Each structure stands twice: as C-alpha cells, then as structure tokens.
Amino acid sequence: MNDLLERALAVAEHAYAPYSKFQVGAAVRAHDGTVFEGVNVENAAYPLGICAEKAALAHAIAAGYGPGQLEELAVTASPCGGCRQWLVELGVERVVYRNTVGELVTATPAELLPDTFEL
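Residues numbered from 1 in each chain as written. Predicted model: local features only at pLDDT ≥ 70, side-chain atom pairs only at ≥ 80, totals over all residues. Heavy atoms only, no water.

Caption draft 1: Summary view of the overall build of the chain. Per the secondary structure count, the chain includes four helices and five strands. Reading the helices (α) and strands (β) of the chain from amino to carboxyl end gives α-β-β-α-β-α-β-β-α. Against the compact-globule benchmark of 14 Å for 119 residues, the chain has a radius of gyration of 13 Å, which places it among compact chains. In terms of overall dimensions, the chain has C-alpha extents of about 35 × 30 × 30 Å along its principal axes. Considering the chain as a whole, with its 119 residues, one finds that 44% of them fall into the buried category. The long-range share in the chain, meaning contacts at least 24 apart out of those at least 6 apart in sequence, stands at 47%. Of the accessible surface of the chain, which amounts to about 6400 Å², a share of 56% is contributed by carbon and sulfur atoms. Between the averaged position of the 7 positive side-chain charges in the chain and that of its 15 negative side-chain charges there is a distance of 5 Å. (Helix = DSSP H or I, 4+ residues; strand = E, 2+ residues; numbered from the N terminus. Rg over C-alpha atoms; globule rule 2.2 N^0.38 Å. Buried < 20%, exposed > 50% of the residue type's maximum accessible area, 1.4 Å probe, protein only. Contact = heavy atoms within 4.5 Å. Areas by Shrake-Rupley, 256 points an atom, 1.4 Å probe, with all protein chains shown as cover. Lys, Arg positive; Asp, Glu negative; His and termini not counted. Charge placed at Lys NZ, Arg CZ, Asp CG, Glu CD.)

Caption draft 2: Summary view of the sheet that holds strand E1 (residues 25-30). A sheet is described by the order of its strands in space; here five strands give the open sequence E2-E1-E3-E4-E5, paired in mixed fashion. Each end of this open sheet is capped by a strand with a single partner; those strands are strand E2 (35-39) and strand E5 (104-107). The average undirected angle you get between the axes of adjacent strands in this sheet is 15°. The sheet strands contacting helix H1 (residues 3-11) are E1, E2, strand E3 (70-75), strand E4 (94-98) and E5, and the helix crosses E1 at an angle near 140°. Sheet strands in contact with helix H2 (residues 52-62) are E1, E2 and E3, and its direction is about 140° off that of E2. (Pairing = 2+ DSSP bridges. Axes fitted to C-alpha atoms, helices over the stretch in contact; angles between N-to-C directions.)

Caption draft 3: The pattern of salt bridges, seen in detail. Enumeration according to the criterion identifies six salt bridges in this entry. A salt bridge links Glu71 to Arg29, with the shortest nitrogen-to-oxygen separation between them at 3.9 Å. In this pair, Glu71 sits in strand E3 while Arg29 sits in strand E1, placing the two residues 42 residues apart along the sequence. When sorted by exposure, Glu71 lands in the same class as Arg29, which is buried. Glu72 serves as the salt-bridge partner of Arg29, at 2.9 Å between the closest nitrogen and oxygen. (Salt bridge = Lys/Arg side-chain N within 4 Å of Asp/Glu carboxyl O.)

Caption draft 4: Structural context of the packing of aromatic side chains. With the rule as written, the count across this model stands at one aromatic pair. Here the aromatic rings of Phe36 and Tyr65 are separated by 5.2 Å at their centres, their planes lie at 65°, and the arrangement is edge-to-face. Residue Phe36 is located in strand E2, and its partner Tyr65 is located in the loop between H2 and E3; the two are separated by 29 residues in the primary sequence. The residues Phe36 and Tyr65 share a single accessibility class, namely buried. (Phe/Tyr/Trp six-rings, centres within 6.5 Å; stacked < 30°, edge-to-face > 60°.)

Caption draft 5: Broad picture of the nonpolar core. Counting residues in each nonpolar core, the largest one holds 21 residues, and the members touching the most others are Val28, Leu57, Leu70 and Leu73. Mapped by element, the contributors of at least two residues to this core are E1, H2, E3, E4 and E5. When near neighbours in sequence (up to four residues on either side) are disregarded, Leu57 contacts Val28, Leu70, Leu73, Trp86, Leu87, Leu90 and Val92. One finds Leu4, Ala8, Ala27 and Val35 within the second-largest nonpolar core, a separate group that totals seven residues. (Core = buried A, V, L, I, M, F, W, Y, C linked by side-chain atoms within 4.5 Å.)

Nothing here speaks to function; it is all geometry.
Rendered as structure tokens:
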C-alpha cells in the first residue's frame, strides 16, 4: 500500500464527523519529503465544514509551501469537485485514493478534473 495512504487512513480516525459518520483523512507530501495531514471537520452549518484534502493542503500552505512544491496527496475517499480544483491550483502532481470497489487509483489532478478553471 502507498505510504501516504497509510498515513491518511491512520489520521482519519481523528476526523470530526458527527453528522455523516464518514471519517476522511488525507496526507500530502512536498518535494522535500515533508508530509502534512488533514481530516474532515463537519459543522452543523453544513457549508462551513472542511474536507480532509483542504485541511492537509491548508496545513502545507501555512507551513510556507505553495504551488509546485507538492508532489503527492493521498486521501481515503475520492476527492470532491471542490478539492479537485484545489489540487489543480496548488500544482499537486498526483493523487492516490481507493475507489468505491477498493481499487488503488493514482491520477493527476487534471485527469480527475478535466477542463479546470485556471487563472
């Protein structure tokens, strides 16, 4: 199994998902090998929740990493459309996750979100 996916699976246990009960974890690795983790955090005001991918990416940004410095992100579920846009904008090179039948998928953000909105 992918080492980043193992970290994502482990951190998912810390997710705050009292409404959906769907705990998601993510881990993103920078080119220098530094890894940042994140989990989904739900909120009773539904749109105010945050996805695990966004939490991990925000953690990397807060540490000073930016577009083009992030090599790979692993997540315990297929990324949503909004997270796919984040992956494109932040220049993550590849994404790893297990699909709904348990197969390991490795894809580029462009493969996950063709015809992206780009600045």
